[in-house]
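Remarks on the overall topology
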Amino acid sequence: MNWSDFGERNRRLNPLWTLGAGMNLGELQPYKEMIALSVLLQVYYLELESSERRAREDIVELAWSSLERFNIVRLGTAESVERLVDGLLWSGSGGDFEAYYYDDSSRQMEVQKYKYFTVDEDATRTSWEESGRTVYRLSEYAMELIFMSHEIIEEFQISIKLLEIQMHIKHGRVTRALQDVGELISRVRKMTQQQQEYRNALRRNPKHMFSEYGVLRHQRLEDIHQQFDEERKHFDNIHRSLARLANDEKDIIDFNELRQLSERVELSRRVHDELAEVVLSIFEAETNLRLNFPELFWGAAGFNFRTNVWEEWVKTEGLPEADSLELLVSGLFTPSQDFIYPLAWAWEEQDVGFLPEDVIDEPDEAGEEESIPYTPKSIPWPRVTELWLPVFTGLAAHGKFTFSAEAFTEEEQRMWSHTPDAVDLWVQFFHTEITVLNQGADSQSGAADECQKLIQCLLAARPELEVLRGKLLWTTIQAGGSEGVIWPGLEMSPYTITIVER
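Model, not experiment: these values are computed from the prediction.

It is the contact of helix α17 (residues 420–429) with helix α18 (residues 449–461), at a shortest axis distance of 9 Å, that shows an interaxial angle of 115 degrees. The crossing of α17 and α18 is left-handed. Where α17 abuts α18, its residues Leu425, Gln428 and Phe429 lie against Glu450, Cys451, Leu454 and Ile455. Residue composition of the contact of α17 with α18, by class: 5 nonpolar, 1 polar and 1 charged.

Here we take up the sheet that holds strand β8 (residues 434–435). Read across the sheet, 4 strands follow the order β7-β12-β9-β8 without closing on themselves; strand pairing throughout is antiparallel. Bordering the open sheet on either side are β7 (400–402) and β8, each of which pairs with just one other strand. Bridging between β8 and strand β9 (residues 472–477) involves 2 bridges; their strand directions are antiparallel. Within the sheet, the bridge partner assigned to Ile434 lies in β9 and is Leu473. Docked against the sheet, helix α15 (residues 381–398) engages β7, β9 and β12 (495–500), running at close to 140 degrees with respect to β7.

Within the largest apolar cluster, 36 residues are counted, with the highest numbers of intra-cluster contacts made by Trp388, Phe392, Trp416, Trp426 and Phe429. Elements with a minimum of two residues in this core: α15, α16 (410–417), α17, α18, β10 (485–487), β11 (490–492) and β12. With 8 residues, α15 is the largest single contributor of residues to this core. Residue contacts for Trp416: discarding those within four places in its chain leaves Leu387, Trp388, Val391, Phe403, Phe408, Ala422, Val423, Trp426, Trp487 and Leu490. Within the second largest apolar cluster, 34 residues are counted, among which are Met23, Ile35, Phe117 and Leu138.

It is worth spelling out the environment of Arg56 at this point. The residue Arg56 is located in helix α3 (residues 56–69) in this model. The spatial distance from the C-alpha of Arg56 to the C-alpha of Tyr136 is 7.7 Å, given a sequence separation of 80 residues. Aside from chain neighbours lying at most four places away, what touches Arg56 is Glu82, Val85, Asp86, Leu89, Trp90, Thr134 and Tyr136. A polar contact is formed between the side chain of Arg56 and the side chain of Asp86, at a distance of 2.8 Å.

Moving on: the environment of Ser139. Turning to its location among the elements, Ser139 is positioned in the loop between β4 (136–138) and α6 (140–149). Contact partners of Ser139, with chain neighbours within four places excluded, come to Lys115, Tyr116, Phe117 and Thr118.

Next up on the list: helix α1 (residues 6–17). Taking 1.5 Å of rise per residue, 12 residues should cover 16 Å, and α1 covers 16 Å from first to last C-alpha, within 8% of that figure. Taken as a whole, α1 has its buried residues at Gly7, Asn10, Asn14 and Pro15. Viewed end-on, α1 has its buried residues packed into an arc of 130 degrees, placing them on one side of the element.

Here the focus is the pairing of β9. When β9 meets β12, the two strands line up antiparallel, connected through 6 bridges. Among the inter-strand pairings, Thr475 is bridged to a residue of β12, identified as Ile497.

With that settled, consider a nonpolar patch on the surface. Nonpolar side chains collect at one region of the surface, where Leu16, Trp17 and Met148 lie side by side and expose about 310 Å² of accessible area between them. Relative to the assigned elements, Leu16 resides in helix α1. Owing to a relative accessible area of 40%, Leu16 belongs among the partly exposed residues under this scheme.

Our focus in this paragraph is the pattern of salt bridges. All told, the structure shown has 10 salt bridges when counted by the stated rule. Here Arg56 ties to Asp86 by a salt bridge, and the two come within 2.8 Å at their closest N and O atoms. Separated by 30 residues along the polypeptide, Arg56 in helix α3 and Asp86 in helix α4 (residues 78–89) bring together distant segments of the chain. The exposure class assigned to Asp86 is partly exposed, which follows from its relative accessible area of 25%. A salt bridge links Arg83 to Glu79; the nearest nitrogen and oxygen atoms lie 2.6 Å apart. Here Glu79 and Arg83 lie together in helix α4, a separation of 4 residues that amounts to about one turn.

So, how was this worked out
Residues numbered from 1 in each chain as written. Predicted model: local features only at pLDDT ≥ 70, side-chain atom pairs only at ≥ 80, totals over all residues. Heavy atoms only, no water. Axes fitted to C-alpha atoms, helices over the stretch in contact; angles between N-to-C directions. Helix = DSSP H or I, 4+ residues; strand = E, 2+ residues; numbered from the N terminus. Left-handed = near helix turned anticlockwise from the far one by under 90°. Contact = heavy atoms within 4.5 Å. Nonpolar A, V, L, I, M, F, W, Y, C, P; charged D, E, K, R; others polar. Pairing = 2+ DSSP bridges. Core = buried A, V, L, I, M, F, W, Y, C linked by side-chain atoms within 4.5 Å. Buried < 20%, exposed > 50% of the residue type's maximum accessible area, 1.4 Å probe, protein only. Polar contact = N/O pair within 3.5 Å; in protein donor to acceptor, adjacent residues only side chain to side chain. Expected span 1.5 Å × (residues − 1). Arc of directions from axis to C-beta. Patch = residues over 30% accessible without salt bridge, like charges linked within 9 Å, V, L, I, M, F, W, Y side chains within 5 Å. Areas by Shrake-Rupley, 256 points an atom, 1.4 Å probe, with all protein chains shown as cover. Salt bridge = Lys/Arg side-chain N within 4 Å of Asp/Glu carboxyl O.

Any functional reading would require information that these geometric values do not contain.
If you want it as structure tokens, here you go:
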């Protein structure tokens, strides 16, 4: 294990572990961490809006608003809420909070001191002249808690970061603003890349429009346009703040940093424009496909014999008589039974098996023909079980297993290519929920029978696989995932079998 960064991890998590610790809030005790986090979040957004409603009395009101939001206002008292706010502003001794952490360089326990709130000097100077109140702001530790508790940017929600950059520029924190602009550029470029991948996928297959991601895009169309308008306003405000900073603070601001910040802001504007261009081109492509090529989206209704006929009808309701079964499945073999492939032949093949290699065509002593022996068709379970053993071993260890070249040796790949019975079982597992039976349970029916027999053979051969009993297995092929498996004598999709948590 690498211990070099353990102390830093410890230091970052200490403020989270001690949030609300040591408070006695009566009936609010089970909810103290949640209420404390909500107060930090509300103060964070007030800072973004440059609001000075961050005195102690204001923070108490924010705590009451959280109780109303959580429908637990009846549990709070004036004393308990004020005790919570005081517990965020100061430690029990009235100073900094303290926690231990391990310093790997000195190999000793050290004491970390931190606060959740600090005094906002600029706002307090103005507030003292007007009302004599102290205005607080979040400390760096509290800000980190906010960023740890949720992703600050998701999809197109980047306005918060722009507001934060604007706030840093307004207060002359050029270096901090420069770092945030760089982070924003990298995130926007990542989003642009994701949009380009979707656009390329849409060009290859227009039906991606109806995927989960495509449907969400259509639902957020109005929000996306509104987002672009807000970004334009934010960039205008940022440029005005930069110009004002260069004029008002020219004696204390490093103009090299200010020039770099201005260039990075302009670069950020350009990458936002690129993102907007890609998004609009996607909507243009989708509109063109829907308007001019509607036939691309026509397709079958997804009707199949196994699900809609066999499982939903025959297995559920049954057939009126036994002869109906022949009429039902005859079309699966040939449209013209009498001349091409009679159903009787297919039925005999399924029930009896293959013809033997050597057929004795000599009459017996009584002059009657000797009946032709048939070898019943069966699956070579020992060989199949040997091939499937690594699959279920990986499934038991990691919760999933993907059929890929990296998962097998060259000898195992050769054996898979020469054992079609083992390969065919992947198709029976595919898109079928299969529960590993507990001991003494009845076997399932239908297509899962051979799957259950394989599972029971594996469990009998390897006792360590008993952990799979009662588990629900689900096999899929990941859309747009890795390429198919192509070996000499075998070509198949990269199936993934997974343990589904109920």
